[in-house]
Amino acid sequence: MKRLAVGMVLMLVALLVAPAAAAGEERYSYITVKDVTVRLDKADAVVTMNYTIDDGIGFLVLLLGKSDLRQKALEILNFNNATVQYLDLERIEVRVKDASNDYGQGSYWFPAHGFGVVVPSLTIITPQDVKHYEDVSEFPDGLGYFA
């Protein structure tokens with residue numbers, strides 16, 4: 001009986017730790033990305049990702065903690081200098097310090113960026129414009145803007 005209980009706990013933990021075979025390109029482990037919004041604020045960015053997690057995993061995340069969910073979500077977003085500001089079972093919001101290059105006099109360049117999955121809906125918001133992309137795994141060309 002003790003072995004069965006230990007086996008069940010190990011199996012549940014393995015579901016959280018081991019990346020699952022992707023059913024779709026917008027999926028990473030137990031997370032399926034719905035959309036990503038990048039709001040550029042001078043050289044920094046606030047990045048919000050909405051997602052769903054597999055049925056049954058939500059209970060395990062609540063039971064065992066959000067550290068694995070946090071790690072996987074950050075791997076999907078793939079930004080350096082990212083600080084998590086909000087995380088729940090449906091959304092993560094991070095602040096990325098120096099996401100853009102500052103060229104002085106209020107001019108900035110948000111460089112090309114790759115994500116860990118295909119993002120079904122990507123929105124980039126600058127002070128002047130809103131750009132929208134569908135089914136992209138990277139933002140290939142970069143974007144100049146003024147703040």
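Parameters at a glance
- Residues numbered from 1 in each chain as written.
- Predicted model: local features only at pLDDT ≥ 70, side-chain atom pairs only at ≥ 80, totals over all residues.
- Heavy atoms only, no water.
- Phe/Tyr/Trp six-rings, centres within 6.5 Å; stacked < 30°, edge-to-face > 60°.
- Helix = DSSP H or I, 4+ residues; strand = E, 2+ residues; numbered from the N terminus.
- Buried < 20%, exposed > 50% of the residue type's maximum accessible area, 1.4 Å probe, protein only.
- Contact = heavy atoms within 4.5 Å.
- Pairing = 2+ DSSP bridges.

Colleague: Help me get a handle on the packing of aromatic side chains, residues and values and all.
Modeller: In total, this model carries 4 aromatic pairs according to the counting rule given. Arranged with centres 5.5 Å apart and planes meeting at 20°, the rings of Y108 and Y145 form a pair that is stacked. Of this pair, Y108 sits in strand 7 (residues 107–110) while Y145 is found in strand 10 (residues 143–146), placing the two residues 37 residues apart along the sequence. With respect to burial, Y108 and Y145 carry one shared label: buried. Here the aromatic rings of F110 and F139 are separated by 5.6 Å at their centres, their planes lie at 35°, and the arrangement is tilted. Here F110, found in strand 7, pairs with F139, found in strand 9 (residues 130–139); they are 29 residues apart in sequence, far enough to count as distant. A relative accessible area of 2% means that F110 is categorised as buried. By relative accessible area, F139 is classed as buried at 3%. Taken together through their ring pairs, the aromatic side chains of F110, Y133 and F139 make up a single cluster.

Colleague: Kindly report on the environment of V118, identifying the contributing residues and their values.
Modeller: With respect to the element layout, V118 can be found in strand 8 (residues 113–125). Counting along the chain gives 20 residues from V118 to E138, while the straight-line C-alpha distance between them is 7.8 Å. Discounting residues that sit within four places of it in the chain, V118 has contacts with E25, E26, D135, V136 and S137.

Colleague: Explain the pairing of strand 9 to me, using residue names and the numbers behind them.
Modeller: Looking at chain direction, strand 8 and strand 9 are connected through 8 bridges and run antiparallel. By the bridge assignment for strand 9, V119 is matched with V136. Hairpin remark: strand 8 followed by strand 9, antiparallel, with 4 residues in the connecting loop.

Colleague: Could you give an account of the sheet that holds strand 10, with specific residues and numbers?
Modeller: Pairing is antiparallel across the open sheet formed by 3 strands, whose spatial order is 6-7-10. Each having just a single partner strand, strand 6 (101–102) and strand 10 make up the two edges of the open sheet. When strand 7 meets strand 10, the two strands line up antiparallel, connected through 4 bridges. In the strand pairing of strand 10, F110 is matched with L143.

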